[in-house]
Amino acid sequence: MKKMQLTTKIFIGLVLGILLGIILQPYPDIATNYIKPFGTLFLNLIKLVIVPLVFCSLVVGTCSMDDVRKLGRIGGKTMAYYLLTTAFAVTIGLILANITKVGGGFSIPVDAKVEISEAPNVVDTLLNIIPSNPLKALVDGNMLQVIAFALIIGAGIIGIGEKGKVLQEIFDSGAEVMYKIIAVIMEYAPIGVFALITPVVAQNGPGVLLPLLKLIIVVYAGCAIHALVTYSSTVYLFARVTPLQFFKGIAPAMVFAFTTASSSATLPLNMKRSEENLGVPKSICSFCLPLGATVNMDGTAIYQGICAFFIAQVYGLDLSISAQLTIILTATLASIGTAGVPGAGMIMLGMVLQSVGLPIEGIALIAGVDRILDMMRTMINITGDSACSVVVAATEGELNRSVFEKKAGASAK
Ligand code: ASP
């Protein structure tokens, strides 16, 4: 009952925030100066727990595989799901972009200029995954490196058997402490969500949206198609979970991701909902979801595919089939390297553009509406993580189906 209330409160916070944002459109400074800080406080509180949470829960998740073979099997399934769905996601994005000619009829505004930081290249991104200094990775919050370190420690703990139990219990206890802290922070979520959405709406009124409306619609449509086709079909085929059961169970986390535009910030809620509403056991949640929050970004991949096409068209350049295949490859890799924080996907778009020789300056065209695209792509990013955890749990025979019966029973009453 209490949980329902929190979800409802988050929804109410979202709706009220949008309404106030519309009212404050003529005075965006008020929204930025007086309301946004409450949202920033909320994000800071969440950021505070992210590194210890991801680290502890991934070590525990890895150790709970009890033997290295199980770890290899679950790790293999998880990565296969993540990579295949991401490649599929970019493909959907590119097909839609081709059909709708997404960049057609768009003229380049003269004053479109933003600072774009240098995008890292593919080899560096891959090499950087293994941290030469793991403590620095933790301090800097470099999530890919944190993940690699956690997986290596977890595998080491399994490797030494009984002797590793003490360390395992310490991390287990650390993860529990983080869950507790998060539960308290979540009580503040409705206000946080309210304060985050108001300035977004106040600043990005219809004026900014109109010229890029087609791009926004195509990205939103690509994301919706991916969720409805790819996630619905995989959870149903592999886990016999109906799309309705799946989306109903994960909805609170989706709303949360939409507002915060951060997969990392949504991780705690995603873990809770996947376990309680979808019956994924804790050991699989704590392996698949922290990993997915960093490496699996289908929404970002769809966005990158569509935006690359958009920029090519706006600059009057043709994208050959082989260039589009390159985009599928680089967008898949770029989405792995994208951090689960707002705006990260736009920086990594630079890498995708570079790979096919498109002008990086094109990012400036999108920057104005990026937040709006970010909200949707983040929502899809975390939904994909949860879908993967359901599929992996079901194929391991560990999905706890009683959660659906309980829910059906409760609503029948
Ligand atoms: N904001 C996205 C996320 O956290 C990443 C991106 O910018 O694409 O999932």
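Residues numbered from 1 in each chain as written. Predicted model: local features only at pLDDT ≥ 70, side-chain atom pairs only at ≥ 80, totals over all residues. Heavy atoms only, no water.

Engineer: Just to check I follow, could you spell out the site of the ligand for this structure?
Structural biologist: The local shell around the ligand holds 17 residues, among which Ser263, Thr300, Gly345, Asp374 and Arg377 are the closest. At 3.2 Å, a backbone N or O of glycine 340 approaches an oxygen atom of the ligand. Between a nitrogen atom of the ligand and a main-chain N or O atom of valine 341, the distance comes to 3.1 Å. Contact with the protein chains covers 100% of the free accessible surface of the ligand, which is 270 Å². Of all elements in the fold, only helix H16 (344–355) and helix H18 (370–395) reach the threshold of two or more residues within the shell around the ligand. Looking at which element gives the most residues to the shell around the ligand, the answer is H18, with four residues. (Near = heavy atom within 4 Å. Polar contact = N/O pair within 3.5 Å; in protein donor to acceptor, adjacent residues only side chain to side chain. Areas by Shrake-Rupley, 256 points an atom, 1.4 Å probe, with all protein chains shown as cover. Helix = DSSP H or I, 4+ residues; strand = E, 2+ residues; numbered from the N terminus.)

Engineer: Looking at this structure, how should I read unusual backbone geometry?
Structural biologist: Note on backbone geometry: most residues besides glycine have negative phi, and most peptide bonds are trans. Non-glycine residue arginine 240 carries a positive phi angle of around 55°. Position of arginine 240 among the secondary structure elements: in the loop between helix H10 (213–239) and helix H11 (243–260). Despite not being glycine, alanine 261 shows a phi value in the positive range, around 50°. Relative to the helices and strands, alanine 261 resides in the loop between H11 and helix H12 (263–276). For alanine 261, a relative accessible area of 1% gives the class buried. (Buried < 20%, exposed > 50% of the residue type's maximum accessible area, 1.4 Å probe, protein only.)

Engineer: Just to check I follow, could you spell out the environment of threonine 100 for this structure?
Structural biologist: You can see threonine 100 is positioned in helix H3 (residues 68–100). We classify threonine 100 as partly exposed; its relative accessible area is 28%. With 74 residues separating them in the primary sequence, threonine 100 and proline 26 have C-alpha atoms 33 Å apart. Setting aside its immediate chain neighbours within four residues, threonine 100 contacts Lys214 and Val218. (Contact = heavy atoms within 4.5 Å.)

Engineer: Looking at this structure, how should I read the nonpolar core?
Structural biologist: The nonpolar side chains of a soluble globular protein tend to be buried with one another. Counting residues in each nonpolar core, the largest one holds 129 residues, and the members touching the most others are Leu215, Phe246, Phe256, Phe310, Leu349, Ile366 and Val390. Discounting chain neighbours no more than four positions away, the residues touching valine 390 are Val235, Ala239, Val241, Phe246, Leu278, Val280 and Leu399. One finds Leu24, Ala31, Ala195 and Ala202 within the second-largest nonpolar core, a separate group that totals five residues. (Core = buried A, V, L, I, M, F, W, Y, C linked by side-chain atoms within 4.5 Å.)

Engineer: Sorry if this is basic, but what is going on with the packing of aromatic side chains here?
Structural biologist: Two aromatic rings, taken as a pair, are described by how far apart their centres are and by the angle between their planes. Overall, the coordinates contain five aromatic pairs when judged by the stated rule. Centroid distance phenylalanine 55 to phenylalanine 149: 5.3 Å. Interplanar angle 25°. Geometry classified as stacked. Of the two residues, phenylalanine 55 sits in helix H2 (residues 28–63) while phenylalanine 149 sits in helix H6 (residues 143–160), which places them 94 residues apart along the sequence. A connected cluster of aromatic rings, assembled from ring pairs, spans Phe42, Tyr188 and Phe256. Above the plane of the ring of tyrosine 236 lies arginine 240, whose end atom (NZ or CZ) is 4.8 Å from the centre. The residue whose ring lies beneath arginine 377 is tyrosine 303, and the NZ or CZ to ring-centre distance is 3.9 Å. (Phe/Tyr/Trp six-rings, centres within 6.5 Å; stacked < 30°, edge-to-face > 60°. Lys NZ or Arg CZ within 6 Å of the ring centre and 35° of its normal.)

Engineer: Please explain the pattern of salt bridges as it appears in this structure.
Structural biologist: Side chains carrying opposite charge are able to pair once their charged atoms draw close together. Evaluated as defined, the whole model comprises nine salt bridges. Its salt-bridge partner being glutamate 276, residue arginine 273 comes within 3.6 Å of it at the nearest N-O pair. With arginine 273 and glutamate 276 both in helix H12 and three residues apart, the pair spans about one turn of that helix. Beyond isolated ion pairs, a larger network of salt bridges with shared partners links Arg73, Lys77 and Glu396. (Salt bridge = Lys/Arg side-chain N within 4 Å of Asp/Glu carboxyl O.)

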